[in-house]
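# Overview (structure and organization)
One letter stands for each residue in the lines below.
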Protein chains: 2
Amino acid sequence: MSVYTKVTERELGDWLKAYSVGTLVELKGIAAGIENTNYFVTTTHGRYVLTLFERLPAKDLPFYLGLMAHLARHGIPCPSPIADRANRLLSTLGGKPAALVTRLPGAVVMQPSPEHCAEVGALLADMHIAGQSYGGTLENPRGPEWRRETAPRVLPFLDEHRQRLLEGELEFQSRNRPQGLQHGPVHADLFRDNVLFEANRIGGVVDFYFAGVDTWLFDVAVTFNDWCVHADGEIDPARAAALLGAYHSVRPFTAGERDAWPVMLRAAGLRFWLSRLYDFHLPRPGELVHAHDPEHFRRVLELRIRDRHRLPWVQ
Amino acid sequence: MSVYTKVTERELGDWLKAYSVGTLVELKGIAAGIENTNYFVTTTHGRYVLTLFERLPAKDLPFYLGLMAHLARHGIPCPSPIADRANRLLSTLGGKPAALVTRLPGAVVMQPSPEHCAEVGALLADMHIAGQSYGGTLENPRGPEWRRETAPRVLPFLDEHRQRLLEGELEFQSRNRPQGLQHGPVHADLFRDNVLFEANRIGGVVDFYFAGVDTWLFDVAVTFNDWCVHADGEIDPARAAALLGAYHSVRPFTAGERDAWPVMLRAAGLRFWLSRLYDFHLPRPGELVHAHDPEHFRRVLELRIRDRHRLPWVQ
């Protein structure tokens with residue numbers, strides 16, 4: 001259960017008086033998300049999600065909310081933060097930083113088809129392009145510095161094979177960091193559970209709380225490693241072609257991106273293996289129930305290393 | 001038919017490349033609206049309305065689009081203008097200023113109940129409050145100056161009774177203009193055909209192209225004269241109580257507004273009688289089919305004059 005902070009209807013009704021969204025009709029906790037407390041909020045004017053930020057650094061919140069507002073303004077189907085009467089997107093509720101955002105339609109698709117992957121690829125490219133004119137800056141909080149800090153803390157929990165894999169990949173990535181790639185705001189966590197589909201159309205892209213500024217190709221690699229692989233980590237060629245082709249048709253990849261693709265897929269695999277190792281071996285209180293098995297991304301990383309000379313790319 | 005400017009799927013497909021809304025799925029002309037050409041546009045990312053501005057002064061368009069964007073950001077269910085890749089809300093298509101806005105759900109309710117009127121009253125108050133932090137300025141383009149310019153042009157078409165009514169009311173309004181009332185951006189045309197309901201909930205408020213800065217009470221009076229009257233212009237007490245009570249519960253009326261209410265209802269009646277006289281007697285080419293019968297608002301004005309000492313107000 002991810003409702004860390006209890007909000008009553010009465011508290012919320014009072015809080016909503018600072019907004020222009022009408023009066024409260026229904027309040028319902030959401031049992032998902034590990035960083036925040038989330039509620040579905042229905043008012044006389046619409047359907048919203050209330051988020052209380054439990055752990056994210058307060059200084060980073062304006063970047064996330066501003067990015068969502070910016071992308072929504074450009075027609076990206078993402079949560080649009082609601083401004084209060086003082087025109088602020090960020091407020092306080094129950095002693096926590098809090099935001100009200102629009103609730104999007106649709107449901108997650110955990111067994112995506114190539115068609116779903118094409119929708120995701122095209123939308124990701126649109127997000128990258130729309131994000132170019134966003135003024136906010138926040139270095140990807142799961143970038144190289146985070147890797148250097150996090151790896152030594154999980155190494156003691158690993159067997160020798162996994163220690164060598166982790167140390168070797170950190171070393172490889174630090175020596176092979178691609179240079180000169182296009183960058184901008186990236187979602188950085190566009191997994192299947194963060195995309196809502198209505199029939200075969202994307203109704204919403206959610207959870208921007210791992211977003212940051214990084215290379216666009218890193219975002220493609222993160223997305224690819226989730227949408228285009230089987231449960232065993234192997235690539236599905238049809239989904240891979242669909243996602244990459246649709247992205248490319250909206251925002252053509254560059255020659256530099258083609259060259260960097262094998263390294264980036266490994267970097268994306270490493271990032272999630274490392275965070276899952278950390279969450280698994282060093283859980284925060286009450287969080288163990290959410291920890292994903294780190295082994296999946298260990299396999300993904302090993303397979304991307306194995307596949308490095310025969311990876312799918314656009315035609 | 002209100003499609004003055006023909007847009008082909010090919011032209012629109014090219015134009016949409018400057019946006020992040022995906023690719024064109026369907027384009028369909030809308031036979032409504034007398035100031036603009038409107039199309040329903042469906043893309044792979046969502047449903048939009050494309051508006052080509054045929055007659056509105058170009059200098060006023062940023063006020064309208066900025067106001068809609070501002071209100072949408074505050075949770076008001078109104079069309080949200082989509083920014084292009086250059087982050088602009090206003091573009092050009094077919095040689096006309098053009099904007100793409102979100103399409104809202106719902107359908108108009110031409111026989112409103114008191115419950116519908118309560119929704120409208122509450123939303124109007126929310127719009128006024130949310131609009132307070134909007135920085136744009138545009139004097140109501142159908143204000144006193146417009147009245148002075150327009151009246152002499154329609155007077156020659158009227159019989160003696162109507163001439164006396166019009167001249168008398170212009171004189172009365174110029175002598176009795178309420179002072180010191182709260183003001184801000186107002187919709188100024190919140191008639192039944194500009195509100196979309198989904199069941200009994202407002203899905204959208206549309207057509208902000210008569211908006212401007214004026215007193216909030218004027219906006220209430222315009223809305224009241226449409227939502228709370230019968231076809232013969234007489235007030236429906238139940239709908240009147242519902243609309244005014246709901247507005248008041250969100251944004252309490254002031255003593256000054258109570259005093260100004262009879263004058264303002266007459267001003268609102270005069271404004272629409274005058275514009276309908278103008279559109280009826282001096283139609284623009286191809287527009288006659290849209291002209292409303294001016295007599296309805298002549299009756300509304302006369303009845304508000306007759307009722308001036310026994311008008312509904314909040315308890």
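All values derive from a computational prediction rather than experimental measurement.

## A closer look at the confidence of the model for chain A
On average, residues of chain A score 94 in pLDDT, and 97% of them are at 70 or above. The ipTM assigned to the predicted complex is 0.87, against a pTM of 0.92.

## What to know about the packing of helix 6 (residues 216-227) of chain A against helix 8 (residues 255-281) of chain A
Residue and element names in this part refer to chain A. The N-to-C vectors of helix 6 and helix 8 enclose an angle of 55 degrees; their axes lie 8 Å apart at closest approach. As judged from the angle between their axes, helix 6 and helix 8 are oblique. You can see that helix 6 and helix 8 cross each other, and the crossing is right-handed. In this structure, helix 6 uses Leu 217, Phe 218, Ala 221, Val 222, Phe 224 and Asn 225 to contact helix 8, whose residues at the interface are Glu 257, Ala 260, Trp 261, Met 264, Leu 265, Ala 267, Ala 268 and Gly 269. In terms of residue class, the contact of helix 6 with helix 8 is built from eleven nonpolar, two polar and one charged.

## Some thoughts on the domain arrangement of chain A
In many analyses, interface size is given as the accessible surface area lost on bringing the parts together. Residues and elements named next belong to chain A. Taken as a whole, chain A is organised into domain 1 (9-102) and domain 2 (114-306). Facing the 17 residues of domain 1 at the interface are 18 residues of domain 2. A class-by-class count of the residues in the side of domain 1 that touches domain 2 yields eleven nonpolar, four polar and two charged.

## A closer look at the relation of the copies chain B and chain A
Mapping chain B onto chain A calls for a rotation angle of 180 degrees and an axial translation of 0.0 Å; the resulting RMSD is 0.0 Å. On this basis, the relationship between the two copies can be described by a two-fold rotation axis. Residue Arg73(B) of chain B places its C-alpha closer to the rotation axis than any other residue of that unit, at 4.5 Å. When the interface residues of chain B are mapped onto chain A, 100% of them again fall at the interface, so both copies present the same face.

## Focus: the sheet that holds strand 2 (residues 36-43) of chain B
Residue and element names in this part refer to chain B. The five strands lie next to each other as 1-2-3-5-4, forming an open sheet whose pairing is antiparallel. Edge positions in the open sheet fall to strand 1 (24-30) and strand 4 (91-93), since each of these has one partner strand only. When the angles between neighbouring strand axes are averaged without regard to direction, this sheet yields 35 degrees. Where strand 4 lies against strand 5 (residues 96-102), three bridges are found, and the strand directions are antiparallel. Residue pairing across strands places Ser 91 opposite Ala 98, the latter belonging to strand 5.

## Details of the environment of Val229(A)
Residue and element names in this part refer to chain A. Tracing the chain through its elements places Val 229 in the loop between helix 6 and helix 7 (237-250). Taking the C-alpha atoms as reference points, Val 229 and Arg 148, 81 residues apart in sequence, are found 27 Å from one another. Those residues in contact with Val 229, other than ones at most four positions away along the chain, are Glu 234, Ile 235, Asp 236 and Val 300.

## A closer look at the interface of chain B and chain A
Contacts between chain B and chain A engage 25 residues on the former and 25 residues on the latter. Of all the secondary-structure elements, those providing two or more residues to the side of chain B that touches chain A are helix 2 (61-73), helix 3 (114-131) and strand 8 (201-205) of chain B. Per-element accounting of the side of chain B that touches chain A gives the leading share, five residues, to helix 3 of chain B. Partitioning the side of chain B that touches chain A into residue classes produces twelve nonpolar, nine polar and four charged.

## Looking at the sheet that holds strand 2 (residues 36-43) of chain A
All names here are of chain A. Sheet architecture is open: five strands sit in the order 1-2-3-5-4, paired in antiparallel fashion. The strands lining the two open edges of the sheet, one partner per strand, are strand 1 (24-30) and strand 4 (91-93). Each strand axis lies, on average, 35 degrees off the axis of its neighbour in the sheet, ignoring direction. Relative to strand 5 (residues 96-102), strand 3 (residues 47-53) runs antiparallel, the two sharing five bridges.

Conventions used here
- In every chain, residue numbers begin from 1 and rise along the written sequence.
- Here every chain gets a letter starting at A, and every ligand a number starting at 1, in the order they are written.
- Where totals are concerned, whole chains, interfaces and linings use all residues; where local detail is concerned, this predicted model gives features only for residues with pLDDT of at least 70, and gives and counts side-chain atom pairs only at 80 or more.
- One confidence number per residue, pLDDT, is output by the predictor and ranges from 0 to 100.
- Comment: axis = line fitted to C-alpha atoms, over the contacting stretch for helices; angle = value between 0 and 180 degrees taken between N-to-C directions.
- Here a helix means four or more residues in a row that DSSP labels H or I, a strand means two or more in a row labelled E, and each is numbered from the N terminus.
- Each angle is binned into one of four classes, with values under 35 degrees roughly parallel, values over 145 roughly antiparallel, values of 65 to 115 roughly perpendicular, and all other values oblique.
- Take the far helix as your reference; a near helix turned counterclockwise from it by less than a right angle gives a left-handed crossing, and one turned clockwise gives a right-handed crossing.
- This entry defines residue contacts through backbone-placed C-beta atoms, with two residues in contact when those atoms are within 7 Å.
- By the convention adopted, Pro, Cys, Tyr, Trp, Phe, Met, Ile, Leu, Val and Ala count as nonpolar, Lys, Arg, Asp and Glu as charged, and the other residues, Gly among them, as polar.
- Those domain boundaries reflect an automatic or database domain assignment.
- The copies were overlaid with a least-squares fit restricted to C-alpha atoms from residues scoring a pLDDT of at least 70 in each copy.
- At least two DSSP bridges between two strands are needed for those strands to be called paired.

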